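Residues per chain are reported as follows:
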Amino acid sequence: MSPKETLRPETLAISSGRPAPGPDALLNPPIALNSTFHAGGEVGYGRYGNETWTALEEAIGALESGPTLVFSSGMAAISAVFSILPVGAVVTASNQGYSGVMTLLGNLHTSGKIEARFVDVSNTEEVLAALPGTALLWLESPTNPTLTVADLPRLIAAAKAQGSGVAVDNTFATPLIQQPLLMGADIVVHSVTKYLAGHSDVVMGSLSSRDPALLARLEDARKIGGAIAGPFEAWLALRGLRTFPLRFERAQANAMEIASRLSSHPKVAEVFYPGLPGDRQHERAASFMKGFGAVLSFTLHSDGVHADRVCESSSVITYATSLGGIESLWERRRRWAGESMTVPESLVRLSVGCENVEDLWEDIVQSLEKA
Ligand SMILES: *Cc1c(COP(=O)(O)O)cnc(C)c1O
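This is a predicted model, so every value here is computed, not measured.

A closer look at the site of the ligand
Item 1. If you check the shell around the ligand, you find 15 residues, and the closest are Met75, Asp169, Ser191, Thr193 and Lys194.
Item 2. The side chain of aspartate 169 places a nitrogen or oxygen atom 2.7 Å from a nitrogen atom of the ligand.
Item 3. Serine 191 places a polar side-chain atom, nitrogen or oxygen, 2.8 Å from an oxygen atom of the ligand.
Item 4. Surface burial for the ligand is 92%, taken as the share of its 380 Å² of free accessible area covered by protein chains.
Item 5. For the shell around the ligand, the leading source of residues is helix α3 (residues 74–83), giving three residues.
Item 6. A breakdown of the residues in the shell around the ligand according to their chemical character gives seven nonpolar, five polar and three charged.

If you want it as structure tokens, here you go:
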């Protein structure tokens, strides 16, 4: 074990992915703008490797405890995973996953490339029943946007025991609160766009795996599929990653406070946040997660029109989609035609940022009043 492996995540985020030290050596990796390399080396060409990606890969890899590849977006990383499955492979996945993944799996299913089985991942028995014949179990937890929690340790162990591959989208939870590779998952994917980069200025993805043969196939998929990240984006993402643990801790503390205040607001019908002691997911989440994240959702006693007006009435919180940045964002999820019909009309998803919690709360209260 190298000394690095004993370091804690707050330190790894700061110390990993740096050039080797030496007199006048760079502290930060450069933005390496090269398509072309002199012959005879290991990289060979700009689509095969890049010094700035490598630095970011080392840092994400240190946090996720597994060698990592970065991609041009979260969806590019996810597409690379599905691209290496044999034709007709069964993929069992959450029926309430990220909308892009739902669409991609639906398309792959319709065209006959894979067979998608959608399950409620918070219902362990339902997932276990769908496992026989599954080539890949695709898990996302907590789920978007109702924050249900899958029993990751149990589901990963069960899938591995019967020979299925397991991939986990760890975007919402982040490696600070759960590390699926250490629970036995084969692949972890991230939309680096969200918490890891954290400043709403980069679109990027990653995948990590401790299985060298699998990682080599995925690296080939990136080389040949061509969904490579830009060096400038990789550099920005790494700069953002340095403060990821700090940002995440603050956002998470804000989320806990806002979730509990929302629970007793008269206009709010229900709050979905696994950190609340009364949340239906709390006990399971607390059994294996080190925190509860910084995304929460709530429904109103009124309809979708009113929920839209609430989102439009804020001045501190930005009315926008996405999550994981330093700034708080909210939106009514059903404003998207592609959102699942199982999501309540009035459900507002709030990605809690790093602002002062009292400013956020005052903004929420005035928005609920004004609308
Ligand atoms: C945003 C997101 C993605 C897609 O990532 P992009 O970087 O937008 O391509 C995948 N999964 C989850 C959970 C996300 O939130």
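Some details on the pattern of salt bridges
Side chains that differ in charge, positive against negative, can pair when their charged atoms come close.
Item 1. Taken as a whole, this structure holds 16 salt bridges when the rule is applied.
Item 2. Lysine 267 is the salt-bridge partner of glutamate 369, the closest N and O atoms lying 3.7 Å from each other. Of this pair, glutamate 369 sits in helix α12 (residues 357–370) while lysine 267 sits in the loop between α9 (244–263) and β8 (268–272); the two residues are 102 residues apart in sequence, bridging distant segments of the chain.
Item 3. Look at glutamate 369 and you get partly exposed, because its relative accessible area is 49%.
Item 4. On the basis of relative accessibility, which here comes to 31%, the residue lysine 267 falls in the partly exposed class.

Considering the sheet that holds strand β1 (residues 68–71)
Item 1. In spatial order, the strands read β1-β7-β6-β5-β4-β2-β3; together these seven strands make up an open sheet with mixed pairing. Strands at the two margins of the open sheet, each flanked by one partner only, are β1 and β3 (114–119). If you compare each strand with its neighbour and ignore which way they point, the axes differ by 20° on average.
Item 2. The strands that helix α4 (residues 99–110) touches are β2 (89–94), β3 and β4 (134–140); relative to β3, the one it contacts most, it runs at about 135°.

So, the nonpolar core
Item 1. In this structure, Leu262 and Leu296 are the most contacted members of the largest nonpolar core, which totals 80 residues.
Item 2. If one sorts the elements of this core by residue count, α9 sits on top with seven residues.
Item 3. In this structure, leucine 262 is in contact with Val268, Val271, Leu296, Phe298, Trp361, Ile364 and Leu368, ignoring residues within four places of it in sequence.
Item 4. Ranked by size, the runner-up nonpolar core spans 29 residues in total, among them Trp138, Ala167, Ile187 and Val189.

Quick look at the packing of helix α2 (residues 51–64) against helix α8 (residues 231–241)
Item 1. Contact pair α2 / α8: the axes reach a minimum separation of 8 Å and the direction vectors enclose 35°. For the pair α2 and α8, the crossing hand works out as left-handed. Contacts between α2 and α8 involve Thr52, Trp53, Ala55, Leu56, Ala59, Ile60 and Leu63 from the former and Pro231, Ala234, Trp235, Ala237, Leu238 and Leu241 from the latter.

Re the domain arrangement of the protein chain
Item 1. Annotation of the protein chain at the domain level lists domain 1 (3–241) and domain 2 (244–370).
Item 2. Measuring from the centre of the C-alpha atoms in domain 1 to the corresponding centre in domain 2 gives 26 Å.
Item 3. Counting residues at the interface gives 37 residues for domain 1 and 35 residues for domain 2.
Item 4. Across the interface of domain 1 and domain 2, roughly 2,900 Å² is buried in total on both sides, 62% from carbon and sulfur atoms.
Item 5. Remark: the boundary between domain 1 and domain 2 carries zero salt bridges.
Item 6. The tally of links between domain 1 and domain 2 comes to 16 residue pairs in polar contact (both at pLDDT 80 or more).
Item 7. Within the residue set of the side of domain 1 that touches domain 2, elements represented by two or more residues are α1 (9–15), α6 (152–161) and α8.
Item 8. Of all the elements, α1 adds the most residues to the side of domain 1 that touches domain 2, at three residues.
Item 9. Of the residues in the side of domain 1 that touches domain 2, the class split is 20 nonpolar, 14 polar and three charged.

A closer look at the pairing of β2
Item 1. The buried fraction of β2 amounts to six of the six residues, a majority that puts the element mostly inside the structure.
Item 2. In terms of strand pairing, β2 meets β3 through six bridges, oriented parallel. Across the sheet, the residue bridging to valine 90 is glutamate 115, located in β3.
Item 3. Note that β2 and β4 share four bridges and pair parallel. Residue pairing for β4: threonine 92 is matched across the bridge by leucine 137.

Comments concerning unusual backbone geometry
Item 1. Geometrically, the link from serine 141 to proline 142 is a cis peptide bond, its omega value of -5° lying close to zero.
Item 2. Note that proline 142 resides in the loop between β4 and α6.
Item 3. Backbone torsion omega between asparagine 144 and proline 145 reads 0°, so that peptide bond is classified as cis.
Item 4. Within the secondary structure, proline 145 is located in the loop between β4 and α6.
Item 5. Even without being a glycine, aspartate 24 presents a positive backbone phi close to 65°.
Item 6. Topologically, aspartate 24 is positioned in the loop between α1 and α2.

A look at the side chain of aspartate 363
Item 1. Position of aspartate 363 among the secondary structure elements: in helix α12.
Item 2. For the buried aspartate 363, which has no salt bridge, the nearest side chain bearing the opposite charge is lysine 370, at an N-O separation of 7.7 Å.
Item 3. Beyond its immediate stretch of four places on either side in the chain, aspartate 363 contacts Ser314, Ser315, Val316 and Ile317.

Details of α8
Item 1. All of the buried residues along α8 are Pro231, Ala234, Leu236, Ala237, Leu238, Gly240 and Leu241.
Item 2. In this fold, the buried residues of α8 make contact with α1, α2 and α9.

Conventions we followed
- Residues numbered from 1 in each chain as written.
- Predicted model: local features only at pLDDT ≥ 70, side-chain atom pairs only at ≥ 80, totals over all residues.
- Heavy atoms only, no water.
- Near = heavy atom within 4 Å.
- Polar contact = N/O pair within 3.5 Å; in protein donor to acceptor, adjacent residues only side chain to side chain.
- Areas by Shrake-Rupley, 256 points an atom, 1.4 Å probe, with all protein chains shown as cover.
- Helix = DSSP H or I, 4+ residues; strand = E, 2+ residues; numbered from the N terminus.
- Nonpolar A, V, L, I, M, F, W, Y, C, P; charged D, E, K, R; others polar.
- Salt bridge = Lys/Arg side-chain N within 4 Å of Asp/Glu carboxyl O.
- Buried < 20%, exposed > 50% of the residue type's maximum accessible area, 1.4 Å probe, protein only.
- Pairing = 2+ DSSP bridges.
- Axes fitted to C-alpha atoms, helices over the stretch in contact; angles between N-to-C directions.
- Contact = heavy atoms within 4.5 Å.
- Core = buried A, V, L, I, M, F, W, Y, C linked by side-chain atoms within 4.5 Å.
- Left-handed = near helix turned anticlockwise from the far one by under 90°.
- Domains from an automatic or database assignment.
- Buried area = accessible area lost by both parts, 1.4 Å probe.
- Lys, Arg positive; Asp, Glu negative; His and termini not counted.

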